[in-house]
Amino acid sequence: MQKLKYALAPSLGLLIALPIFALFIYFIAQGDFSVANFRVPELLLYAKNTLFVLLGAAFLVLLLGISTAFMSARFEYFGSPFFSLAFVLPLAFPAYIIGYTYVGFFEFHGILSTLLGVPKFKLDILNIYGVIAILSFAMFPYVYILARVSFASISSTVVELVSLKQLSPLKAFWSVYLPLAYPAIFAGLVLSLMEVLSDYGTVAYFGVDTFSVGIFKSWFGYGNLKEAINLSMMLLVAVFGLMFGEARLRAKFRFISSTHSAKKAAKIKLKGWRNVVIFTLSLLITTVTLFIPLGVLLYWFYLDFHTLEWDTLGYLYRTLSLNGISSLFIIALAFMMVYASRFYPSRWGVLSQKLSMLGYSIPGAIVGIGILLLTNFIDQSVGKVVLGGSFVALVFAYLTRYFAASIGSVENGFSKIDKSIDDATKVFGTDEFERIFRVYLPLMRPYLLSGFLILYIDLAKELPATLLLRPFNYDTIAIRIYELASNEILYKSAFPSLLLVGTTAIAVLLLNSKFVRGKR
Amino acid sequence: MKRGISFLQMIVGLSLAASMAFASTEVNVYSHRHYDSDKALFKAFEEKSGIKVNVITAKAEELVSKLKIEGANSPADMLITSDIGNLYEAKEEGLLQKIDSKVLSANIPAHLRDADNEWFGLTKRARIFVYNPEKLSEKELGSYLDLSNPKFKGKILTRSSSAAYNKSLLASIIANHGEAKALEFAKGLVANLAREPKGNDRDQIKAVASGEGDLAIVNTYYLGVMLNSKDPKDVEVAKSVKIFFPAQKAEGAHINISGAGVTKYAKNKENAMKLIEFLSSVEAQTLFAEANHEYPANPAVKASGTVATFGAFKEDTLPLSEVGKYNKKAVEVATKANWR
């Protein structure tokens, strides 16, 4: 029995990575590793563009994420409660929607040219810099959310030391505060960059040839799914390498900061010109990342107002119920995984946990193909269709694709539970299930909830796997947006987009609320 | 007690009957057409026939891959695509089956359906030029091949060659003029581009209106969407450009189709056939034409609505299976010509 428990974490990891293995087996079984349709220069171009987009997005995500997190965690200034919320909200937009709204804003005869009264004015953002900006706007809240918690938990002792040493504010930021937040910043950055890697919709529309465009060129252009899978596997190997690199780097920067004993440092109240500068900076960031996309959607909504389709609410209902159940299931597995690795650790557990995160970096459609291969194999072995076209297949795809997004928050929560609590509960000799339900689940509540909400937000935006795997007649709101956008009826996509953004915004607000954050 | 059993039997019997009836009164559709007009048509079919239409929409390439992986387990009875390339690919992969239907043979002209009756065109869209009348005159325009003429240097706009409609256009040029000419055309086109291919068809039309280029290759469908937009700026832009049907003195304007076929492992073959027949009927074709800015495939129905205002034109009547045949070749040619 005890031995079985040690097998729990590794087997969960393997289960989650199973669709990836299905792809891998397919990759090996076909015995054809060629990417013959691509010439070396083309592959190099994909690699170069991907790297450039990654570096650019990393820079901008860090710049936006760290500055907003620091301002929100350390300062009190005009409008700061509002901004600390507004900085999270861009997460509610699918990246390609931000892309469409910005094109609508800057294009010829676009909204900006109308506002300025200069009909000829336009700015072409359909290029690699545009992609970097759009993806960064959509992803920086990952860094913001995680780094803010770190900045906010800086103890008053640290602040006192800084003032004793008479460090300049800038020096203090670089040499003291920033390093303290490194682990959180890394974790947020990794999430953002993995999403950037898997993005297809935005890069394809903007005409930038990244690796994922190459993957779809094989599949859609040459009708060669094998080759698309080969390319995805190449990408996976690179990501796996990066993940190990990141883990080692992170280990180097691990600081032990006891958050129990020390009093948290109070926020600094800004006055005078400092107040003005920080307020202006916040307003600028919020305008670019939130007000403009939201404003464009509202304008389109206004154009469409008399022809609104109320059955859009049906799509919303399907989205809510599917996502609620899926998120609950995934967060429960994440809890089991981290719990098992804490109490029954093994080397295999560590490895399989890394494997379980791989799905986050490859395009959702490729994960979907992995699921199709897997479920079809099972169906064929059983001799009848049990999984194909079912909700189980779809939820499995979500699990593989988004497990990485949920586990961070759960790990973070467990790391805050002191080992002495483990010992204490063991001494009292209570039954394991009782320990879980009476000790760990209550202690973990805020972290599980925030993991659940992050999952919910990600799933609500998810398109490719849903497109490929959903049961008949089960169209979600993301599907509806895709239908309207690919018919190029952009203004009509505003209503479903706003509904999507609205519901994810509720999740974001909850994420931010005392109810979820508890007494962290 | 006795009553209880008979009640139970009744329930079992009823649900059995219901499930049997259910099995024979539905049709499962994989479709790349995600238009609201299609939803209305499916509803009309349901009311008329009592057959429930179940739909999954996704990109055609994905649906073809899905059919391939699912094999005999596939729940789909019918595949609908919005271009010829994928329909042809589905047939080549052995995913479709032959159907004998007098109705379809009568409703759909021969060049718009498969020689082996595995797929049938349902609607047409033409790949045409829109141009800026302040920069170009109609007299300067001719065939597709003319676009490689250096006089158009820096003037042409189009999206990526991997867009299904560009692929089919290039395939039709290979079929009509041979691979060497097609490569020459593609190279000349790339040399004449006003900018790197990007954005969707709407963005190409906007770029013509803004003067970034003078001429764009687009589908009639998207121009129709813009002309009927609720966004007044869209309408203004679409009205400021002019439409030109290419190759009128040669093969005619390139036509692409939306079409359908019955899948090889269809469990509801009869129902799928009925649905395709319905979609080819005068009733359904009229709705296609009016609501969705497409040209009906059934010659008994006239173009109407916005596309009717574009005027009559000569269309390329090359059998579409020829276009399908050269689709992969077209990608090769585009890659050779560096058409991204």
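Scoring rules and cut-offs
- Residues numbered from 1 in each chain as written.
- Chains lettered and ligands numbered in written order.
- Predicted model: local features only at pLDDT ≥ 70, side-chain atom pairs only at ≥ 80, totals over all residues.
- Heavy atoms only, no water.
- Helix = DSSP H or I, 4+ residues; strand = E, 2+ residues; numbered from the N terminus.
- Rg over C-alpha atoms; globule rule 2.2 N^0.38 Å.
- Buried < 20%, exposed > 50% of the residue type's maximum accessible area, 1.4 Å probe, protein only.
- Areas by Shrake-Rupley, 256 points an atom, 1.4 Å probe, with all protein chains shown as cover.
- Lys, Arg positive; Asp, Glu negative; His and termini not counted.
- Charge placed at Lys NZ, Arg CZ, Asp CG, Glu CD.
- Pairing = 2+ DSSP bridges.
- Right-handed = clockwise from strand over helix to strand, strands pointing away.
- Core = buried A, V, L, I, M, F, W, Y, C linked by side-chain atoms within 4.5 Å.
- Contact = heavy atoms within 4.5 Å.

### A word on the overall build of chain B
Turning to step 1, where the next piece is worked out: Across its full length, chain B carries 15 helices and 10 strands.
Turning to step 2, where the next piece is worked out: By the compact-globule yardstick of 20 Å for 340 residues, chain B fits well, its C-alpha radius of gyration being 23 Å.
Turning to step 3, where the next piece is worked out: Scored against the burial criterion, the 340 residues of chain B give a buried share of 61%.
Turning to step 4, where the next piece is worked out: Taken as a whole, chain B presents about 13,200 Å² of accessible surface, with 56% of it coming from carbon and sulfur.
Turning to step 5, where the next piece is worked out: The averaged location of the 41 negative side-chain charges in chain B is 1 Å from the averaged location of its 46 positive side-chain charges.

### Comments concerning the pairing of strand 1 (residues 26-31) of chain B
Successive side chains on a regular strand alternate, one facing one side of the sheet and the next facing the other.
All names here are of chain B.
Turning to step 1, where the next piece is worked out: For strand 1, the buried fraction is high: 6 of the 6 residues fall into the buried class.
Turning to step 2, where the next piece is worked out: Of the strand pairs in this sheet, strand 1 and strand 2 (residues 52-57) are connected by 6 bridges, and their pairing is parallel. Residue S31 lies in a different strand from strand 2, and its bridge partner there is T57.
Turning to step 3, where the next piece is worked out: As for the winding sense of the linkage, the β-α-β connection from strand 1 through helix 2 (residues 36-49) to strand 2 is right-handed.
Turning to step 4, where the next piece is worked out: Where strand 1 and strand 3 (residues 78-81) come together, 3 bridges link them in parallel fashion. Looking across to strand 3, one finds that V29 is bridged to M78.

### Quick notes on the nonpolar core
Turning to step 1, where the next piece is worked out: Counting residues in hydrophobic clusters, the biggest one holds 285 residues, and the most contacted among them are A:F151, A:I369, B:L275 and B:L279.
Turning to step 2, where the next piece is worked out: A total of 15 residues in this core trace back to one element, the largest contributor, which is helix 7 (residues 128-152) of chain A.
Turning to step 3, where the next piece is worked out: Look past the residues within four positions of B:L279 in its chain and what remains in contact with it is B:L41, B:F42, B:M78, B:I80, B:L122, B:A284, B:Q285 and B:F288.

### Some words on helix 21 (residues 477-486) of chain A
All names here are of chain A.
Turning to step 1, where the next piece is worked out: Of all 10 residues that make up helix 21, 9 are buried, and the element is covered over most of its length.
Turning to step 2, where the next piece is worked out: When we look at burial in helix 21, the residues that qualify are I477, A478, I479, R480, I481, Y482, E483, L484 and A485.
Turning to step 3, where the next piece is worked out: The positive-phi residue at the C-terminal boundary of helix 21 is E488, with phi of around 60°.

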